[in-house]
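# Structural description and commentary
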Amino acid sequence: MTYLYSLIIVLPLLGALIIGLGGLMSAGFRKNEGLIGLLGTAAVGIPFLVILYAFFSYPGDAQIYEIFPWMEAGKLKINFSYQHDELSLLMGMIVTGVGMLIHMYSIGYMKGDEGFYKYFTYLNLFIFSMNNLILGDNMVVMFLGWEGVGLCSYLLIGFWYKDMPKANAAQKAFVANRIGDFAMLIAMFMMYKSMASVSEFVNLSFVDIIDHAHHGGFGDNTFWIALLVFIAATGKSAQIPLFVWLPDAMAGPTPVSALIHAATMVTSGIYLIARLHPIFEASPEVLSIIVVVAALTAVIAAFTAIAQNDIKKVLAYSTVSQLGFMFMALGAGAYVTAIFHVMTHAFFKACLFLGSGSVIHAMEHMHTVEDPQDVRTMGGLRKYMPATGNTFWISTLAISGIIPLSGFFSKDEILSSLFFYGEGFDLYKVIWFVALITAAVTAFYMTRVTMLTFEGSERFPDAKKPHESPAIMTIPLWILAGLAVVGGFLGLPIFLGDLLGMGEGINWIGHGWLEHIIHSENAHAIHEHAHENVLIEYGLVGLSMLVAIMAVFLTRNFYRKHGLAGDEKVRNFFGGFYKVMQGKFYFDEFYQRTIIGPFNWLGENVIKWAEENIVDGAVKAISEGVKNIGDVFKQLQSGLVSNYLLIVSLGVLAMLTYLIFG
Amino acid sequence: MEFLEPNAYTYLAIAVVMFALGAVGVMIRRNGIVVFMCIELMLNAVNLSLIAFSKMHAVSGAFEEGVGPNPGANGSMLVFFVMCVAAAEAVVGLSIIIALFRNRLDIDINNVNIFKW
């Protein structure tokens, strides 16, 4: 079994090595795009099948596969080992499954790119890192994957590195992630210190950490560890204050945005918090911080998305906003719900990104529009690309929360978790209201971008007609759209089970599967409250259904009537605030003024002075000193042979004297 | 006149005098040719001392009596090496002096001080 399961880790790495080295060494291999695409896709597809097998033959309790001892130092004993349990297998299926579809899609999307082999190398390396992240059984293996996905993200954002803004976007992503990683390291050190004080060996495995947390072993450090892990998660999962890199990350190829910056990597922060949930359970203060930060992120990103005209920017801000929803669920202690939303979001957001990729592909091939990503130059595309248009519509409805598509169930569960978190009127009720507004705004901007792209009249020069993408790109779209439709049925709401007489079993993801690994007092309390106030719950479900349907319906009619001119009316409606939305709430400018600017000033003035006077000064003083000493002793060099000989003779004489008389 | 009878020490004394003359000559003379001759004088002083030591350590009839090679032969052997090397050195040295003369029309070695700082 261990050998079979090791394929999950080894094959993507092997794929990356073969494609990378082969491409470097042989020009013939580099040109053979079919072979590279097949190898790359198989290196993800086979692990997907293996994980499926592991899922269906899962024995019911967590399995740990130890590969080899990695490092030992004092009490620290880290094993290279992997863990199969409900959470990691679920994440593994999402990552490799969606990953496989996106690899397949990329064969069509990246066709003819000179870096084709490089692209697949990075993509396979990413899957390898991601598998380490979610399947690793201890913090260190997890951190290996955590850094690996950060690296691959950097490489792929800057894939077209000859374009300076794209290279800068890659650097921005890397730096923002490093800040989070620093917090993660400190959290790990604190965990080690706390655990080393009570046990003989520390392997930092999740099982041990959770056990330690359950016994209250972290004590006063619980708050700090939880906060630091959350800060690390804000880096990777794009929350305030570190989210600024994600919208810029859209500089990479579109399938990369779908895979890394929507479906998988950015959800690793949510995975990690769900994995370490006992620590968060023990520090309600951090949960409150998470929920406030998440709500701010969600609402700010949603309002920013309204005013963007770049189709990928809209999706990027939408991703930030949806990640905010997931963190809100975490903040309410509803970890299972967060993972549920991770899953449904992976389906419809990957589909949306791939759809936008298909659109960009078509616009690029027309060679007539200046910016192939600007929705203002599109319009009416569904006529020309029915597969892309229809799947995009399905995913838009899913993300807007239209019943019975997947987004409805996960988003509704988040909303009701927030509402039922406490009794009476408290912070979480406010957050619930913000989330409801955000859900409505989400429906608005997603419908807007879909209407502007696919419906109405064509706004591009009609000399050439855009073409539908090849089947290798539309098949993944249809599969993902199908999953976006049915994905929600894995987590049907419990009250429905009560009505149908099936009880909690109707919610497979929470009560059939993840409840073995995630035990949350908070989630339990939420369910209790919801059960007691089932009428309110009906009302909430009705409300979120109504909000989503109304928002989509009204937006559709609005943009059908006004077309692109609708944006003008939206601008008038928001007045001065529209500028703020268009300016992305000036986060980049704020960081430029408060952090980057002062650092540059420091570098140009203080550090430069120190460099010239202290560092260079020391070096110059040494060289001057040597030169001055040399000036004194060089007088000995008269250049006269007889002088040298005299000294040699005197030396010989001295030595002889010493030998004879000494 | 027993004490006037030359023995090994006599030759060693002559060698010392020759060496000292050579060394002093190299140091104080400025004409390149003379300096060169003084070097030769020093080499020959060494040769003379080697001959003297060879005679001093010789064992008569060593070969016939089966004692092995005459230990005194080592010194005589070395003399031939020194003479060979001195011959080669004379060629190089004189060539340098000729080259020097061609370049500067002067063989005063105190004027050849390009090694001076």
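Okay, so let's go over this structure. Since this is a predicted model, take the numbers as computed values, not measurements.

### Quick look at the overall build of chain B
In terms of helices and strands, chain B carries three helices and zero strands. Scanning chain B from its N terminus toward the C terminus, one meets helices and strands in the order α-α-α. Counted over contacts in chain B with a minimum sequence separation of 6, partners at least 24 positions apart contribute 54%.

### So, the environment of Pro404 of chain A
With respect to the helices and strands, Pro404 of chain A occurs in the loop between α17 (386–400) and α18 (406–419). In sequence terms Pro404 of chain A and His467 of chain A are 63 residues apart; their C-alpha atoms lie 31 Å from each other.

### Quick notes on the pairing of strand β1 (residues 63–73) of chain A
Residues and elements named next belong to chain A. The buried count for β1 comes to zero of eleven residues, which makes it a mostly uncovered element. Here nine bridges tie β1 to strand β2 (residues 76–84), and the two strands are oriented antiparallel to one another. In the strand pairing of β2, Ala73 is matched with Leu76. Where β1 folds back on β2, the antiparallel hairpin that results is connected by two residues, among which Gly74 adopts a positive phi of roughly 60°.

### Quick look at the nonpolar core
Residue and element names in this part refer to chain A. Judged by nonpolar contacts, the single largest core of 211 residues is most densely connected at Val229, Met328, Ala350, Leu418, Ala435 and Leu480. Ranked by residue count, the leading element in this core is helix α16 (residues 335–366), at 18 residues. Ignoring any residue separated from it by four or fewer positions in sequence, one finds Leu480 in contact with Leu101, Phe347, Ala350, Cys351 and Leu354.

### Some remarks on helix α1 (residues 2–25) of chain A
Since one α-helical turn is 3.6 residues long, residues separated by three or four positions face the same way. Residue and element names in this part refer to chain A. The terminal C-alpha atoms of α1, which comprises 24 residues, lie 33 Å apart, in line with the 34 Å expected from a rise of 1.5 Å per residue. Most pronounced at Ile8, the bend in α1 amounts to some 40°, and the proline Pro12 follows within four residues. Those residues of α1 that sit buried are Ile8, Ile9, Leu11, Pro12, Gly15, Ala16, Ile19 and Gly23. On its buried side, α1 packs onto α2 (27–31), α3 (33–56), β2 and α5 (116–135).

### A word on helix α9 (residues 221–236) of chain A
Residues and elements named next belong to chain A. Taking 1.5 Å of rise per residue, 16 residues should cover 22 Å, and α9 covers 23 Å from first to last C-alpha, within 8% of that figure. Residues of α9 that are buried include every one of Thr222, Ile225, Ala226, Leu228, Val229, Phe230, Ile231, Ala232, Ala233, Thr234, Gly235 and Lys236, and no others. In the core, the buried residues of α9 are packed alongside α6 (139–157), α7 (164–196), α12 (268–275), α13 (277–281) and α14 (284–306). Of the residues one or two after α9, Ala238 is the one with positive phi, at around 55°.

### Looking at the environment of His562 of chain A
Secondary-structure assignment places His562 of chain A in helix α24 (residues 534–562). For His562 of chain A and Gly456 of chain A, which are 106 residues apart along the polypeptide, the C-alpha to C-alpha distance reads 9.2 Å.

### A closer look at the packing of helix α19 (residues 427–454) of chain A against α24 of chain A
Residues and elements named next belong to chain A. In the contact formed by α19 and α24, the axes pass within 8 Å of each other and the chain directions differ by 30°. Considered as vectors, α19 and α24 are oriented roughly parallel to each other. α24 is crossed by α19, and the crossing has right-handed handedness. Across the interface between the two elements, Leu436, Ala439, Ala440, Ala443, Phe444, Thr447, Arg448, Met451 and Leu452 of α19 pack against Ser544, Val547, Ala548, Ala551, Val552, Thr555, Arg556, Tyr559 and Arg560 of α24. Here the residues of the contact of α19 with α24 sort into twelve nonpolar, three polar and three charged.

Calculation criteria
- Residues numbered from 1 in each chain as written.
- Chains lettered and ligands numbered in written order.
- Predicted model: local features only at pLDDT ≥ 70, side-chain atom pairs only at ≥ 80, totals over all residues.
- Helix = DSSP H or I, 4+ residues; strand = E, 2+ residues; numbered from the N terminus.
- Contact = placed C-beta atoms within 7 Å.
- Buried ≥ 20, exposed ≤ 12 C-beta atoms within 10 Å, placed from the backbone.
- Pairing = 2+ DSSP bridges.
- Core = buried A, V, L, I, M, F, W, Y, C linked by C-beta atoms within 7 Å.
- Expected span 1.5 Å × (residues − 1).
- Bend = angle between axes of the 7 residues up to and from the residue.
- Axes fitted to C-alpha atoms, helices over the stretch in contact; angles between N-to-C directions.
- Parallel < 35°, antiparallel > 145°, perpendicular 65-115°, else oblique.
- Left-handed = near helix turned anticlockwise from the far one by under 90°.
- Nonpolar A, V, L, I, M, F, W, Y, C, P; charged D, E, K, R; others polar.

Take it as geometry only, folks, not as evidence of what the structure does.
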